[in-house]
Amino acid sequence: MKSKISVVLIGILLVLAVAGCAKKEAPAPAAPSMKVGMVTDAGTIDDKSFNQGTWEGVLRAGTEFKLDTKYLKPSGTTEADYLKEIGNLYDAGYKFIVTPGFKFETTIFQAQTKYADAKFVLIDGSPHAGDWKNVVGPNTVSIFFAEHESGFVAGVAAALQMKTGSFGFIGGMEIPPVQKFNWGFQRGVDYANKNLGTKITIKAENVIYQGSFDNVAAGQQIAASMYDKGVTVIFAAAGGVGVGAINEAKARATAGKTAWIVGVDVDQYADGIYTGDKSVILTSAMKRIDVAAFDMIKAELDKTFPGGKTLTFDAKNNGVGIPAKNPNLAPEVQAKVEEIFKLMQNGTITVPADQGTFIK
Amino acid sequence: MHTLALIFPYAVAFTVPLLAASLGGLFSERSGVVNIGLEGLMVSGSFTCAVVASRMETVLGPGNPGALWMGLGAAVVVGALFSLLHAFASISLKANQVISGTAINMIAGSLTVFLARTMTGSGNVRIVLGFIPSDIPVLSGIPILGPLFFTKTYATTWLMAAVLAVAWFVIYKTPFGLRLRACGEHPQTADAAGINVYRMRYIAVVLSGALAGLAGGIILVTYSGEFNGNVAGLGFLALAALIFGQWKPLGILGATAFFGFAATIANVSQVIPQFSRIPGLLLKAFPYVVTLIALVLFSKSSQAPRASGEPFDQGKR
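A quick note: this is a predicted structure, and the numbers were derived from the prediction, not measured.

Take the overall build of chain B next. Each helix and strand counted, chain B has twelve helices and two strands in total. Along its sequence from the N terminus, chain B presents helices and strands in the succession α-α-α-α-β-α-α-α-α-α-β-α-α-α. The C-alpha atoms of chain B give 20 Å as radius of gyration, which agrees with the globular expectation for 317 residues (20 Å, within 12%). The long-range share in chain B, meaning contacts at least 24 apart out of those at least 6 apart in sequence, stands at 77%.

Time to look at helix α6 (residues 176-195) of chain A. Residue and element names in this part refer to chain A. Between its terminal C-alpha atoms α6 stretches 28 Å, which fits the 28 Å expected from 20 residues at 1.5 Å a residue. Extensive coverage of α6 is indicated by the burial of 15 of its 20 residues. Positive phi shows up at glycine 197, right after α6, with a value of about 75°.

Facing 28 residues of chain A, the contacting portion of chain B comprises 29 residues. Listing elements by their share of the side of chain A that touches chain B, those giving two or more residues are β7 (199-209), α7 (216-228), α8 (240-254) and β10 (273-275) of chain A. The element that contributes the greatest number of residues to the side of chain A that touches chain B is α7 of chain A, accounting for ten residues. In the side of chain A that touches chain B, the residues fall into twelve nonpolar, twelve polar and four charged.

Below, the discussion takes up the sheet that holds strand β12 (residues 281-287) of chain A. In any sheet, the strands associate via hydrogen bonds between backbone groups, in a parallel or an antiparallel arrangement. Residue and element names in this part refer to chain A. Across the sheet, which stays open at both edges, the six strands sit in the order β7-β6-β8-β9-β12-β14 with mixed pairing between neighbours. This sheet does not close on itself; its edge strands, each paired only once, are β7 and β14 (320-321). Pairing between β12 and β14: two bridges, direction antiparallel. Across the sheet, residue methionine 286 finds its bridge partner in β14, namely glycine 321. Lying on the sheet, α8 is in contact with β6 (164-171), β8 (231-237) and β9 (260-265); it crosses β9 at an angle near 155°.

What follows is about the pairing of β7 of chain A. All names here are of chain A. Taken together, the seven bridges between β6 and β7 define a ladder with parallel strand orientation. By the bridge assignment for β7, threonine 164 is matched with lysine 199. Between β6 and its parallel partner β7, the chain crosses via α6, and the hand of that crossover is right-handed.

Residues and elements named next belong to chain A. As summarised here, the arrangement of the six strands in space is β2-β1-β3-β4-β5-β13, forming an open sheet in which the pairing is parallel. In the strand order of this sheet, the two ends are held by β2 (68-72) and β13 (310-313), each with one partner. Pairs of neighbouring strands in the sheet enclose a mean axial angle of 20°, with direction left out of account. When strand β1 (residues 35-39) meets β2, the two strands line up parallel, connected through five bridges. From the neighbouring strand, valine 36 faces β2, where its bridge partner is threonine 69. Together, β1, β2 and β3 (96-100) form the strand contacts of helix α3 (residues 79-91), whose direction differs from that of β1 by roughly 165°.

Across soluble globular proteins, nonpolar side chains show a tendency to be buried alongside one another. In this structure, Ile234 and Ile261 of chain A are the most contacted members of the largest nonpolar core, which totals 198 residues. No other element matches helix α9 (residues 197-224) of chain B, which puts 16 residues into this core. When residues of this core are sorted by domain, at least three fall in each of domain 1 (29-145 + 288-319) and domain 2 (147-286 + 330-345) of chain A. If sequence neighbours within four positions are ignored, isoleucine 234 of chain A has contacts with Gly168, Phe169, Ile170, Ala223, Met226, Ala245 and Ile261 of chain A.

The next point concerns the packing of helix α5 (residues 147-162) of chain A against α6 of chain A. Residue and element names in this part refer to chain A. Running from N to C, α5 and α6 cross one another at 40°; their axes reach a closest spacing of 6 Å. In terms of axis orientation, α5 runs oblique to α6. Considering the relative orientation of α5 and α6, their crossing is right-handed. Looking at the contact of α5 with α6, its residues break down into 13 nonpolar, nine polar and four charged.

This part is about the packing of helix α2 (residues 38-60) of chain B against helix α3 (residues 65-92) of chain B. Residue and element names in this part refer to chain B. Remark: α2 packs on α3, axes separated minimally by 7 Å, with the N-to-C direction vectors making an angle of 150°. By the angle class used here, α2 and α3 are roughly antiparallel. Here α2 and α3 pass one another in a crossing that is right-handed. Here Leu41, Ser44, Gly45, Thr48, Cys49, Val52, Ala53, Met56, Glu57 and Leu60 of α2 come into contact with α3, specifically with Gly66, Ala67, Leu68, Met70, Gly71, Leu72, Ala74, Ala75, Val78, Gly79, Phe82 and Ser83. Of the residues contributing to the contact of α2 with α3, the split by class is 14 nonpolar, seven polar and one charged.

All right, on to the domain arrangement of chain A then. Residues and elements named next belong to chain A. Splitting chain A by domain gives domain 1 (29-145 + 288-319) and domain 2 (147-286 + 330-345). A straight line from the C-alpha centre of domain 1 to that of domain 2 covers 30 Å. The interface of domain 1 with domain 2 comprises nine residues on the first partner and ten residues on the second. Among the residues forming the side of domain 1 that touches domain 2, the class breakdown is two nonpolar, two polar and five charged.

Detailed reading of the predicted coordinates is not advisable wherever pLDDT falls low. Averaged over all residues, the pLDDT of chain A equals 87, while 91% of them reach at least 70. For residues 18-31 of chain A, every residue scores under 50 in pLDDT, and the model assigns this stretch two contacts once sequence neighbours within four places are set aside.

One non-glycine residue, lysine 303 of chain A, lies in the positive phi region at around 60°. Assignment of secondary structure puts lysine 303 of chain A in the loop between α9 (289-301) and β13. Judged by the 6 C-beta atoms lying within 10 Å of it, lysine 303 of chain A is exposed. Despite not being glycine, alanine 232 of chain B has its phi angle at roughly 55°, a positive value. Among the structural elements, alanine 232 of chain B can be located in the loop between β2 (226-227) and α10 (234-244).

A separate point is the pairing of β6 of chain A. Where β6 of chain A lies against β8 of chain A, six bridges are found, and the strand directions are parallel. Looking at the pairing, isoleucine 170 of chain A lines up with alanine 236 of chain A of β8 of chain A.

Locating asparagine 317 of chain A in the fold gives a position in the loop between β13 and β14. Taking the C-alpha atoms as reference, asparagine 317 of chain A lies 7.9 Å from glutamine 345 of chain A; in sequence the two are 28 residues apart.

Time to look at the environment of lysine 309 of chain A. Residue and element names in this part refer to chain A. Checked against the element boundaries, lysine 309 lands in the loop between α9 and β13. A residue is classified by how many C-beta atoms lie within 10 Å of it, and lysine 309, with 12 of them, is exposed. Between the alpha carbons of lysine 309 and valine 136 there is a distance of 6.7 Å; along the sequence they are 173 residues apart. Once residues within four sequence positions are removed from consideration, lysine 309 is found in contact with Val136 and Val141.

Further remarks concern α10 of chain B. Residue and element names in this part refer to chain B. A large share of α10 lies buried, amounting to ten of its eleven residues. Among the residues making up α10, those that are buried are Leu234, Gly235, Leu237, Ala238, Leu239, Ala240, Ala241, Leu242, Ile243 and Phe244. Buried residues in α10 make contact with α1 (2-30), α2, α9, α11 (249-268) and α12 (280-298). Glutamine 246, located one to two residues past α10, shows a positive phi value of around 55°.

Criteria and cut-off values
Residues numbered from 1 in each chain as written. Chains lettered and ligands numbered in written order. Predicted model: local features only at pLDDT ≥ 70, side-chain atom pairs only at ≥ 80, totals over all residues. Helix = DSSP H or I, 4+ residues; strand = E, 2+ residues; numbered from the N terminus. Rg over C-alpha atoms; globule rule 2.2 N^0.38 Å. Contact = placed C-beta atoms within 7 Å. Expected span 1.5 Å × (residues − 1). Buried ≥ 20, exposed ≤ 12 C-beta atoms within 10 Å, placed from the backbone. Nonpolar A, V, L, I, M, F, W, Y, C, P; charged D, E, K, R; others polar. Pairing = 2+ DSSP bridges. Axes fitted to C-alpha atoms, helices over the stretch in contact; angles between N-to-C directions. Right-handed = clockwise from strand over helix to strand, strands pointing away. Core = buried A, V, L, I, M, F, W, Y, C linked by C-beta atoms within 7 Å. Domains from an automatic or database assignment. Parallel < 35°, antiparallel > 145°, perpendicular 65-115°, else oblique. Left-handed = near helix turned anticlockwise from the far one by under 90°. pLDDT = per-residue confidence, 0-100.

Here it is as structure tokens:
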């Protein structure tokens with residue numbers, strides 16, 4: 001009996017081992033001109049947010065320019081873990097390294113001097129030694145996004161579509177990118193109220209930061225409470241907490257009630273589908289992370305890598321905005337929003353990044 | 001009152017999976033096997049339910065109750081099968097029950113994520129639509145009780161109410177329940193009385209696996225809608241509720257309801273003006289602090305099954 005079990009076990013192990021080998025043997029592209037590496041932040045490569053967006057940009061550049069691309073997932077989220085993987089990439093000849101997330105700030109600070117002949121792209125962060133004094137090395141580009149402009153466009157779009165009613169906001173942690181989304185969204189709604197004749201209210205009690213990015217149950221319960229109190233649109237910039245909110249909206253929409261969500265970071269329309277092709281996602285406040293990663297790789301190939309600079313991706317360079325297609329927005333709303341987006345691009349409308357008189 | 005009526009249905013929805021897992025733990029511990037693997041069993045149930053329900057939804061249509069029930073059924077089966085590992089290690093091999101339970105937690109956590117990745121290319125498995133909460137006709141019109149218990153209820157809530165009643169009956173009113181409890185209190189005596197302790201413990205552990213799997217499935221088809229590799233520590237909370245509830249079905253109902261309400265209040269406190277004056281951190285820590293205090297207070301009079309955690313050795317007296 002025992003020998004039978006061990007035979008089966010060995011068989012399974014062999015199959016696994018063979019399968020494991022087979023996966024690694026991807027055909028190498030013919031003599032790539034550059035090797036682009038990426039180290040993932042906390043979370044997975046398919047997180048529908050930072051890692052995925054960055055990787056999509058890297059992959060697109062990889063196929064378009066025939067580059068060798070690779071990502072490594074650190075075993076932890078400490079500076080040592082990140083540095084180890086950067087070192088691994090460097091040693092394997094990947095001398096153009098993209099890292100997403102503010103957690104890489106201190107890591108890149110060290111890496112940019114340690115590997116002076118490598119290029120680094122730090123998305124949503126700026127290198128420093130832990131003292132918040134930013135030092136962007138000559139071989140590093142630090143990229144930020146104008147989340148407030150993204151939130152603004154989404155706010156205008158949502159307000160124009162709904163005309164009247166009450167809106168809410170659910171944020172993850174109370175950190176600058178999330179806060180800027182919130183303030184921008186409120187500014188957008190405010191702009192629509194003042195200039196476009198909408199009557200949307202946002203009550204202070206309906207603007208909250210849940211405090212995490214992974215509490216699905218809390219997201220569902222908070223969204224449910226807001227909808228119960230008459231909120232029709234919730235802007236959820238909250239990762240997994242937003243998943244709970246979307247889930248609640250789906251249940252309500254199925255029961256025939258009005259419940260909309262404004263998505264975040266990427267076009268979340270597909271996440272909100274509850275029947276057929278109907279979705280609860282009114283629109284999404286996007287950050288074009290993939291564009292940022294792609295553009296930097298392209299710049300390096302064109303020998304115009306903006307080393308030492310801190311770049312902001314905003315409306316002007318199409319780094320933020322709402323999706324090109326929003327099936328839940330009326331065509332005239334879409335047209336009006338595009339018009340306003342153009343005004344933002346040429347500087348007629350400026351969206352401040354600070355809190356101003358807005359809630360939280 | 002109005003606020004209470006608002007959050008009540010959400011608190012109940014949060015309580016139900018906790019209750020299911022805790023009842024599972026009850027069966028196992030009453031038979032003398034500590035099942036620290038509840039968390040892992042819930043994860044495997046949640047994963048199975050997500051896979052089956054999402055596949056069936058593409059056939060039967062999104063939110064189809066049949067698809068969701070099939071998912072829950074599969075979760076029960078997989079939970080039960082998975083718990084056999086724990087049963088085999090801790091009953092037949094007389095291994096340390098805490099270690100084999102921990103192993104279950106570790107295997108379930110990594111295996112499900114691995115499978116989810118291979119199947120969907122992503123670590124997450126999503127169902128299009130879960131159960132839609134509905135009002136019970138007539139009963140929801142009853143003043144006070146109606147809005148609290150009969151509005152926005154999930155079908156799974158009523159299922160769990162039935163399971164709880166059956167569990168109480170089985171444990172206290174049937175020969176099976178008496179034997180089960182005997183195995184957890186003094187297995188040698190039970191053995192001398194002609195009860196097959198090994199068999200009783202196997203049945204109990206499999207029951208606990210089935211209920212924990214169901215709990216994982218319920219989380220998925222009610223409030224989460226997406227399997228993302230964990231169940232947010234509810235399995236461990238269920239263990240705490242089991243101790244807090246003193247290994248009794250109704251005690252567990254009280255303990256899980258307490259956790260459910262405390263967690264819900266903490267979650268929605270920011271949205272409800274009446275609660276927003278209390279610091280959120282305080283509300284979030286509240287249930288855990290109370291549990292710690294309760295555990296200290298109850299430690300002297302704790303009525304844990306006496307043989308819980310001890311492998312049964314027929315030769316020992």
